[in-house]
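# Summary of the model geometry
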Amino acid sequence: MRALMIALLLLSQAGTAHAGEMENAALSLINSARAKAGCAALAINPKLQSAAAGHAKAMARQNFFSHTGKNGSTAKSRINAAGYGWSAIAENIAAGQTSAKEVVSTWLASAGHKKNMLNCTYTETGLSVVYQADDAPIKGHQYPFRYYWVQTFGRP
């Protein structure tokens, strides 16, 4: 019972465990690119979704942009904390892109991000964008990002 309560608390802090309109639009574009590369479509997994939402929310609220959380968390630790049992995982992050088309184009233009997106090993995903209206510029950047994107990838 205690473990269930902790899990529910973690999920409530991480945000919703479903994809919204912008996330679904991005996933559609990603799955289209995967089909062209000969990969099966990614399916939303609620645990991967929770891990992605939690990190996107943390970056937006704590005003940072990194695969490593301010608390020292990593993609692996966040996915493990969400309870996802995996044989392979990866994570893409982005900030500042205001649309699904823009973020997917950005990821496809980056060798590492594209490799994750078009890796046929991955079968499941979580995808989250968080908008922070009162965002401040991160050190080294002139303007605030406002939009923080995280995509997690997994294979059970």
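The present account deals with the structure reproduced in this document. (Residues numbered from 1 in each chain as written. Predicted model: local features only at pLDDT ≥ 70, side-chain atom pairs only at ≥ 80, totals over all residues. Heavy atoms only, no water.)

This brings us to the state of the cysteines. With the rule as written, the count across this model stands at 1 disulfide. Here Cys 39 connects covalently by a disulfide to Cys 120, the sulfurs 1.9 Å from one another. The chirality of the disulfide connecting Cys 39 with Cys 120 is left-handed, given an S-S dihedral of about -80 degrees. Here Cys 39, found in the loop between helix 2 (21–36) and strand 1 (43–44), pairs with Cys 120, found in the loop between helix 6 (111–117) and strand 3 (124–131); they are 81 residues apart in sequence, far enough to count as distant. (Disulfide = S-S within 2.5 Å. Helix = DSSP H or I, 4+ residues; strand = E, 2+ residues; numbered from the N terminus.)

Moving on: the sheet that holds strand 4 (residues 147–155). The 4 strands are arranged 1-3-4-2 in an open sheet whose pairing can be described as mixed. For this open sheet the edge positions go to strand 1 and strand 2 (88–95), each flanked by a neighbour on one side alone. (Pairing = 2+ DSSP bridges.)

A few words on the pairing of strand 3. In terms of burial, strand 3 is largely enclosed, as 7 of its 8 residues are buried. As paired strands, strand 3 and strand 4 are joined by 8 bridges and run antiparallel to one another. Across the sheet, Leu 127 pairs through a bridge with Gln 151, a residue of strand 4. (Buried < 20%, exposed > 50% of the residue type's maximum accessible area, 1.4 Å probe, protein only.)

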